[in-house]
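Coordinate inspection notes
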Amino acid sequence: MAYNRRYGLDEVHRILCDSERRPRPELAAAVAKPGHAISLHTEAREDFFSRGGAKLPAKDSILLGSRKHLIQAVHEVLNSVPGQIELAKLNNPQCKKVEIRGVVLRKGRDFDIFTVYRPKTKGAQTSFDWLSTHKGDGFILQLFILVCKLPGSSREEIHIQTAFPEDYARTSGDDILR
């Protein structure tokens, strides 16, 4: 079995759940951060404005729909042509991880995205961006997924360290959000 293969919805759900809070496999345990696609990038996140004391990135996105929306988006990107090309790199024994950026097109009330832009300098204003499809318009979503090999796996199993909306734009209306 290869890493670049078709992943089913149930399998993606299992992978995301198994990866949650598991240390990143290709790093030493002392420095490996736990997987966090569900706990930090969905509505499961306890505080949208904080990461529990962790260093905050300049831009941080959350899918506000249910966990199901994350599973659907990750499923679509893993099985896309760019996803399969990146996953094929994991078939090389020397490759330990890949970064996948895939585009997902959504129409209607599929899911909302909340993005926090944090200041780079002390005293600067923090801004927030909210992309919602409440008016029935659609949007294009670029999803970032960090995929790692699980060492010692004879079935070419993967660990999803993180998955979050990296960029997005409306497909209708006058305004384009970024």
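Calculation criteria
Residues numbered from 1 in each chain as written. Predicted model: local features only at pLDDT ≥ 70, side-chain atom pairs only at ≥ 80, totals over all residues. Heavy atoms only, no water. Helix = DSSP H or I, 4+ residues; strand = E, 2+ residues; numbered from the N terminus. Expected span 1.5 Å × (residues − 1). Buried < 20%, exposed > 50% of the residue type's maximum accessible area, 1.4 Å probe, protein only. pLDDT = per-residue confidence, 0-100. Arc of directions from axis to C-beta. Polar contact = N/O pair within 3.5 Å; in protein donor to acceptor, adjacent residues only side chain to side chain.

**Topic: helix α3 (residues 67–78)**
- Taking 1.5 Å of rise per residue, the 12 residues of α3 would be expected to cover 16 Å, and the 17 Å separating its terminal C-alpha atoms lies within 8% of that figure.
- His69, Leu70, Ile71, Ala73, Val74, His75, Val77 and Leu78 are the residues of α3 that are buried.

**Structural notes on the confidence of the model for the protein chain**
- Looking at the protein chain as a whole, its pLDDT mean stands at 78, while 66% of the residues score no less than 70.
- The least confident element of the protein chain is strand β4 (residues 127–131), whose mean pLDDT is 59; the most confident is helix α4 (residues 81–89), at 97.

**A few points about unusual backbone geometry**
- Positioned with a positive phi, Arg21 is a non-glycine residue whose angle comes to about 70°.
- With respect to the element layout, Arg21 can be found in the loop between α1 (9–19) and α2 (37–41).
- With a phi angle near 50°, Glu156 is a residue other than glycine that sits in the positive phi range.
- Among the secondary structure elements, Glu156 is positioned in the loop between β5 (138–149) and β6 (158–170).
- We classify Glu156 as buried; its relative accessible area is 18%.

**With respect to α4**
- Of the residues making up α4, those classed as buried are Gly83, Gln84, Glu86 and Leu87. What you see down the axis of α4 is that its buried residues fit within an arc of 165°, all on one side. Those residues of α4 that are exposed and angled more than 90 degrees off the buried face are Val81 and Ile85.
- One side-chain oxygen of the residue at the start of α4 lies 3.1 Å from the amide nitrogen of Gly83, identifying that residue as Ser80.

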